[in-house]
Amino acid sequence: MNVISRDASNYAYVNARVKSRRAVLFDEDDYRTLMRMGTSEIARFLEESEYEAEVNDLGSRFSGVDLVEYALNRNLAKHFDDLLQWSQGTLRDLLVRYFRKFDAWNVKTALRGVYADTDPAEIEQDFIRAGELDDDTLSVLAEADEVRTVVDALSETLFGDALDDAYGEYEETNSLVPLENAVDLAFYDRLLKQVQGTSAGTREFVKFLQADIDFRNVRNAVRLARSGANLDPAEYYIEGGRLFEPSELDALADNWNELVARLRDSHYGNELADELDELDEAGSLIAFEHALDAALLSYSKHLSHVFPLSVCPVLGYVLAKEREVDNVRAIARGREVGLTEEEIEEELVIL
Amino acid sequence: MFEFVIAFVNAIAPLLNNAALAPAELTGNIATAGAALGVGVAALGAGVAEGGIGAAAVGALAEDEEFFGNAILFTVLPETLVILAIVVIFII
């Protein structure tokens, strides 16, 4: 479907439900409690929270950190399915398009799993079933015995052409980076092309996406600059952001201070003063990336307040929910491998 | 919308039926028509407002039944517009 439908959206209904769900997300105190717990205690904590149904369902088959992880993924998929079920009209169209990012995530999971020769059952459990790829396709992806099979299985999807083009490079380098990059580019390219040129209802969605792309470009550039690998940042540049040109980003990636100054001067500057201070102080790449995450989350929150009857609050909630799942997963994993509370806290993005 | 149309027709009908009216009577009828129009438009506005609020209220209720009191209160709040408009009828 290439045309955004023009019938009425039920923003008021969906946003009321989303606000209510956002209110029960874990807060700083919950995270502090979780950080003091062992993995089985974390599972029990989740059982008494939002995640009750999933933990009970999976409790007989898994335990410890596996249980936590699978329950988190399943709960995430359930919430996002709910969003699609409630929403109508333009709102639904935009959400369907945005949720293809989980298809991108699943494709990357399959590629990595098959590349590393992981057990198909384990790959399947890592999928987040909130996108458009159906269960049959996902099973085929998980059970593939080589990367080519995954690429072929996706030939009819939006990732097909991009993966096909990148496969040659994968064979040359034996690295998954070109394929993963092709997946991301295909997702954003399709998303923006379909949304552009449409009217007022989608303007806020475009704004949100542009922020997402800008921050992703910053992250990719900084990662490339830090990795020391001799890769061309222009190849990883995602079109559609408002802030950077590929050449400019290349120069800024080496110099965090200038990068932050540039963000501060941009339209993100006003809302993100605190987060940008954190970015300024970030010593490590991980801290920098987390500060970027926090900045994007904060910007999405800002958009939700400025445009309450639009798709923005819903997308803000999607980001916040993803962040919660990441945080709980990081705590459970961290506790399992015996990290200290301070070390785990560095891994979290709390807003 | 429907209320608006009915109110308008009710107000206009006597005007059309009595071709030869005294000037004072004509002024009175026009005033009634205006008041009816006011009530109709106010009802239309209230309806539009209640549509959005009602949808949000039902959404909130679906998540948590404790919102019931607030949901009812906010849903009927725009109805005050219509009551104020009806007051105008008695004033003119």
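Structure's up top.
Residues numbered from 1 in each chain as written. Chains lettered and ligands numbered in written order. Predicted model: local features only at pLDDT ≥ 70, side-chain atom pairs only at ≥ 80, totals over all residues. Heavy atoms only, no water.

## Observations concerning the overall build of chain B
- Along its length, chain B carries four helices and zero strands.
- The burial tally for chain B puts 21% of its 92 residues in the buried class.
- As presented, chain B carries roughly 6000 Å² of accessible surface, and 75% of it is formed by carbon and sulfur atoms. (Helix = DSSP H or I, 4+ residues; strand = E, 2+ residues; numbered from the N terminus. Buried < 20%, exposed > 50% of the residue type's maximum accessible area, 1.4 Å probe, protein only. Areas by Shrake-Rupley, 256 points an atom, 1.4 Å probe, with all protein chains shown as cover.)

## Describing helix α18 (residues 312–336) of chain A
Residues and elements named next belong to chain A.
- Here α18 contains 25 residues, and its C-alpha end-to-end distance of 36 Å stays within 8% of the 36 Å for a straight helix at 1.5 Å per residue.
- Taken across its 25 residues, α18 has 20 buried, putting it largely inside the fold.
- Just beyond α18, the residue with positive phi is G338, at close to 80°. (Expected span 1.5 Å × (residues − 1).)

## What to know about the interface of chain B and chain A
- Taken together, the eight residues of chain B in the interface contact seven residues of chain A.
- Taken together, the connections running from chain B to chain A amount to two salt bridges.
- Measuring nitrogen to oxygen at the nearest pair gives 2.9 Å for the salt bridge that ties R17(A) to E63(B).
- Across the contact surface, chain B and chain A share two residue pairs in polar contact (both at pLDDT 80 or more). (Contact = heavy atoms within 4.5 Å. Salt bridge = Lys/Arg side-chain N within 4 Å of Asp/Glu carboxyl O. Polar contact = N/O pair within 3.5 Å; in protein donor to acceptor, adjacent residues only side chain to side chain.)

## Quick look at the packing of helix α2 (residues 23–63) of chain B against helix α3 (residues 68–76) of chain B
Residues and elements named next belong to chain B.
- It is at 9 Å that the axes of α2 and α3 come closest, and there the two elements cross at 175°. Classed by the angle they form, the pair α2 and α3 counts as roughly antiparallel. Counted together, E50, I53, G54, A57 and L61 of α2 and F68, A71, F74 and T75 of α3 form the full contact between these two elements.
- Grouping the amino acids of the contact of α2 with α3 by side-chain chemistry returns six nonpolar, two polar and one charged. (Axes fitted to C-alpha atoms, helices over the stretch in contact; angles between N-to-C directions. Parallel < 35°, antiparallel > 145°, perpendicular 65-115°, else oblique. Nonpolar A, V, L, I, M, F, W, Y, C, P; charged D, E, K, R; others polar.)

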